[in-house]
Amino acid sequence: MGKIVSIHSFRGGTGKSNTTANLASQVAMTGKRVGVVDTDIQSPGIHVLFGLDETSMGKTLNDFLYGKCEIAEVAYPVGDYAAAAKESAPGRAQLAGKDLFLIPSSIRGREISRVLREGYDVGRLNEGFQTLIQNINLDYLFIDTHPGLNEETLLSIAISDILLLILRPDNQDFQGTAVTVDIARSLDVSNLLLMVNKAVPNKYTYENLKTQIETAYKAPLTGILPLSFDMADNASKDIFSLRYPDHDWSKELRKVAQAVMDTN
Amino acid sequence: MSQEFIRLKNSFLFKGLPDAVLEALVQKVIRRTFYEGEALMRRGEDGDALYIIDQGSVKIVTVDKEGGELVLNHCGPGEAIGEMSLFDKEPRSAGVIALEETHALELKQDAFFELLNQRPDLALNFIRSFSARLRFSSTYIQKAIEWSKKIAEGDYSFMEQFHTGQTGQFKADTDDDKAGQLLSAFFNMVKGVRAREENLKLQVETLTLQIDEVRRRQEFEELTSTDFYAALKEKAQAIRQQRSDKK
Ligand SMILES: Nc1ncnc2c1ncn2[C@@H]1O[C@H](COP(=O)(O)OP(=O)(O)OP(=O)(O)O)[C@@H](O)[C@H]1O
Ligand SMILES: [Mg+2]
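All residue numbers here refer to positions counted from 1 along the written sequence of the relevant chain. Each chain is given a letter, starting from A, and each ligand a number, starting from 1, according to the order in which they appear as written. With the structure being a predicted model, the display of local features is reserved for residues of pLDDT at least 70 and the display and counting of side-chain atom pairs for 80 or more, all residues being used for whole-chain, interface and lining totals. Note that the side-chain values use all heavy atoms of the structure and ignore hydrogens as well as water.

1. Describing the overall build of chain B
1) Next: Strands are runs of DSSP state E lasting at least 2 residues, helices are runs of H or I lasting at least 4, and numbering of each runs from the N terminus. Helix and strand content of chain B: seven helices and eight strands.
2) Next: Residues classed as buried in chain B amount to 38% of the 247 residues present.
3) Next: If you take every contact in chain B between residues at least 6 apart in sequence, the share linking residues at least 24 apart comes to 70%.
4) Next: Total accessible area on chain B stands at roughly 14,800 Å², and carbon and sulfur atoms take up 52% of it. Classification of residues uses two cut-offs on accessible area relative to the type maximum, computed with a 1.4 Å probe and protein chains only: under 20% is buried, over 50% is exposed, and between them is partly exposed. Contacts: residue pairs with any heavy atoms within 4.5 Å of one another. Per-residue and other accessible areas were derived by the Shrake-Rupley procedure at a 1.4 Å probe size, with only the shown protein chains allowed to occlude residues.

2. Section: the site of ligand 1
All names here are of chain A.
1) Next: Consider each residue's heavy atoms; a residue with any of them within 4 Å of a molecule or strand counts as near. Lining the immediate surroundings of ligand 1 are 19 residues, of which Gly13, Lys16, Ser17, Asn18 and Pro226 lie closest.
2) Next: Each polar contact in these results corresponds to two N or O atoms within 3.5 Å; when the atoms are within protein, one needs to be able to donate a hydrogen and the other to accept it, and residues that are neighboring in sequence are counted only if both atoms are side-chain atoms. Ser17 places a polar side-chain atom, nitrogen or oxygen, 2.8 Å from an oxygen atom of ligand 1.
3) Next: Contacts to ligand 1 include Pro226, whose backbone N or O atom sits 2.8 Å from a nitrogen atom.
4) Next: Contact with the protein chains covers 77% of the free accessible surface of ligand 1, which is 630 Å².
5) Next: Of all elements in the fold, only helix H1 (16–29), strand S7 (191–199) and helix H11 (229–234) reach the threshold of two or more residues within the shell around ligand 1.
6) Next: Examining the composition of the shell around ligand 1, we find that three residues originate from one element, H1, more than from any other.
7) Next: Of the residues belonging to the shell around ligand 1, the class tally is seven nonpolar, nine polar and three charged. Classification used: nonpolar for Ala, Val, Leu, Ile, Met, Phe, Trp, Tyr, Cys and Pro, charged for Asp, Glu, Lys and Arg, polar for all others including Gly.

3. Some words on the pattern of salt bridges
Two side chains carrying opposite charge are able to pair once their charged atoms lie near each other.
Residues and elements named next belong to chain B.
1) Next: In what follows, salt bridge is the name for a side-chain nitrogen of Lys or Arg lying within 4 Å of a carboxyl oxygen of Asp or Glu. As enumerated under the stated definition, the model contains 25 salt bridges over all chains in all.
2) Next: Of the charged contacts in the structure, one is a salt bridge between Arg31 and Asp54, with a shortest N-O distance of 2.7 Å. Placement of Arg31 in strand S1 (residues 30–34) and of Asp54 in strand S3 (residues 49–55) is noted, with a sequence separation of 23 residues between them.
3) Next: The class of Arg31 is partly exposed, set by a relative accessible area of 36%.
4) Next: In this structure Asp54 comes out as buried when scored by relative accessible area, which is 2%.
5) Next: Measuring nitrogen to oxygen at the nearest pair gives 2.6 Å for the salt bridge that ties Glu106 to Arg32. With Glu106 in strand S8 (residues 102–108) and Arg32 in strand S1, this pair connects stretches of sequence that are 74 residues apart.
6) Next: On the basis of relative accessibility, which here comes to 3%, the residue Glu106 falls in the buried class.

4. Some words on the interface of chain B and chain A
1) Next: Contacts between the two partners involve 27 residues from chain B, matched on the other side by 39 residues from chain A.
2) Next: Note on terms: buried area is the combined drop in 1.4 Å-probe accessible area of two parts once they are placed together, counting the loss on both. Of the roughly 3,100 Å² buried where chain B meets chain A, counting both sides, 57% is carbon and sulfur surface.
3) Next: Per-residue buried area on chain B facing chain A is highest for B:Leu209, B:Arg216 and B:Arg243; these three make up 23% of the total on that side.
4) Next: Here chain B is connected to chain A by one salt bridge.
5) Next: A:Asp182 is the partner of B:Arg216 in a salt bridge, and the nearest nitrogen-oxygen pair spans 2.8 Å.
6) Next: Those elements that provide at least two residues to the side of chain B that touches chain A are helix H5 (178–207), helix H6 (213–224) and helix H7 (227–246) of chain B.
7) Next: Counting residues per element, the side of chain B that touches chain A draws most heavily on H7(B), which supplies eleven residues.
8) Next: Split by residue class, the side of chain B that touches chain A holds eleven nonpolar, four polar and twelve charged.

5. Concerning the packing of aromatic side chains
Residues and elements named next belong to chain A.
1) Next: Centre distance within 6.5 Å is the pairing criterion for rings of Phe, Tyr and Trp, where only the six-membered ring of Trp is used; planes under 30 degrees apart are then read as stacked, over 60 as edge-to-face, and the remainder as tilted. Using the criterion set out here, one finds five aromatic pairs over all chains in the structure.
2) Next: Centroid distance Phe240 to Tyr244: 5.0 Å. Interplanar angle 50°. Geometry classified as tilted.
3) Next: The exposure class assigned to Phe240 is buried, which follows from its relative accessible area of 1%.
4) Next: Ring pairing ties together the aromatic residues Phe240, Tyr244 and Trp249, which thus form one cluster.
5) Next: Seen from the ring of Phe64, Arg124 lies directly overhead, with NZ or CZ sitting 4.1 Å from the centre. Distance and angle both matter: a charge sits over a ring if NZ of Lys or CZ of Arg is within 6 Å of the ring centre and within 35 degrees of the ring normal.

6. Remarks on H1(A)
All names here are of chain A.
1) Next: What a helix is expected to span follows from its residue count: subtract one and scale by 1.5 Å. Taking 1.5 Å per residue, 14 residues should reach 20 Å; H1 reaches 20 Å between its end C-alpha atoms and fits that length.
2) Next: Burial within H1 is extensive, with twelve of its 14 residues counted as buried.
3) Next: Of all the positions in H1, only Lys16, Asn18, Thr19, Thr20, Ala21, Asn22, Leu23, Ala24, Ser25, Gln26, Val27 and Ala28 are classed as buried.
4) Next: Of the residues trailing H1, Gly31 is marked for its positive phi of about 100°.

7. Overview of helix H2 (residues 19–28) of chain B
In an α-helix, one full turn covers 3.6 residues, which means residues spaced three or four apart are oriented alike.
1) Next: Listed in full, the buried residues belonging to H2(B) are B:Val21, B:Leu22, B:Leu25 and B:Val26. For H2(B), the angular spread of buried residues about the axis comes to 145°, placing them on one side. It is the directions from the helix axis to the C-beta atoms that the arc portrays.

Laid out in structure tokens, this is it:
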């Protein structure tokens, strides 16, 4: 049975989408069958990292949520078209032939505003996850979420086997993460992992940061990913950790990927 | 040999001159006394003399952005100040003030030129001495540039090549000339920067992880007190059960 891995942060802009895309890619590179769902329906973003745009995107998660199609119809096989981007996205091109499926959410204004206006049935979203795992026989289903603790996010947290919480090393994130950790515990999430992103290099003693975070949240800190210009510059065009495997950000990201795969 | 003769012979500027020339030079210098707080030269004044300090000490000062006094350096016995004024008549770039009763040997430009006319070999010696100094300074400037780049990258390893004096101040392994002074000022700056950086690191470390526990509880209760949450919790349990049955 495949595992659901939700990637979440209390505040926006922590790097959820980039982390999700890179984790999913790293895991897919090991030969696992991997799905990625963009549940940030209000402000989707992860499709860009996998090279999808408005013209190449047909049906989306939104169509499934409103009963217009089956979930498997909106699973885009990234491995089938990745090779075409050899020039523009050499990192992503390495996913050619791998079993990686992206379930994007719509970037059409009208469809986004419908979700904001009417909401949707979170029960159906959950059914979609379960069907996906079964029908395309996934080992892992990664879920990119909207920041904060709205209903669909709470659902993603509730049904995940592994919850990865991302935080930046600042007090606002520390506070919000504390509440999220409490919620995850209250919802009986069995595996809680933590990751720091956008850590200013050399500004903190990483050991000290790790101790403090693990003491406060009682969960393992699986990686401290540095704030980096290269990342800000390149990330959203390509899968950074595949393109720059020797970069410090990529090295730490692989530790997080390993921690996910080591979790039973 | 007079005290003046020894001072001149040992000073960086006149080192290596034949004794006969030094004797001639001694005839041209005037021994002067400055009291504590008295200015040997003022910033902006036309410079027309060089001083070699015999006894006492002086500070070299300029003005900072706010108009306050900024001490650039301290000089003591054997050191020369205002030597550039032997060749040009530029205004003084900094002021020099006696820190205590100070005895200095003053060599006026006119007297110096007179001597050069009589002894052309003296001119050659001066050119040699100045160009050696220039070469020496540029080597150190080159080093300073290299080190600055390292500091920018946070690499302080080159500091280990230099020894620390008893005062904890860095003293470069060079002659007591201006390049050496620049270097030791440079090292002290690096030390200061490094200390401040360490300090900042400590501040950041102690600043981390502050969680307001009251707010944490309040927010948790707000989020979990809804009907939606209760239903979700139940549903999540059911889903988990279902999935584990399938395994
Ligand atoms: N370590 C990093 N160093 C520098 N920039 C980063 C880093 N990680 C992410 N970024 C940049 O920060 C921005 C936000 O990243 P991303 O979209 O992955 O975050 P997010 O948490 O999904 O945001 P949102 O909450 O808006 O969905 C992007 O521009 C990304 O390139
Ligand atoms: Mg995002």
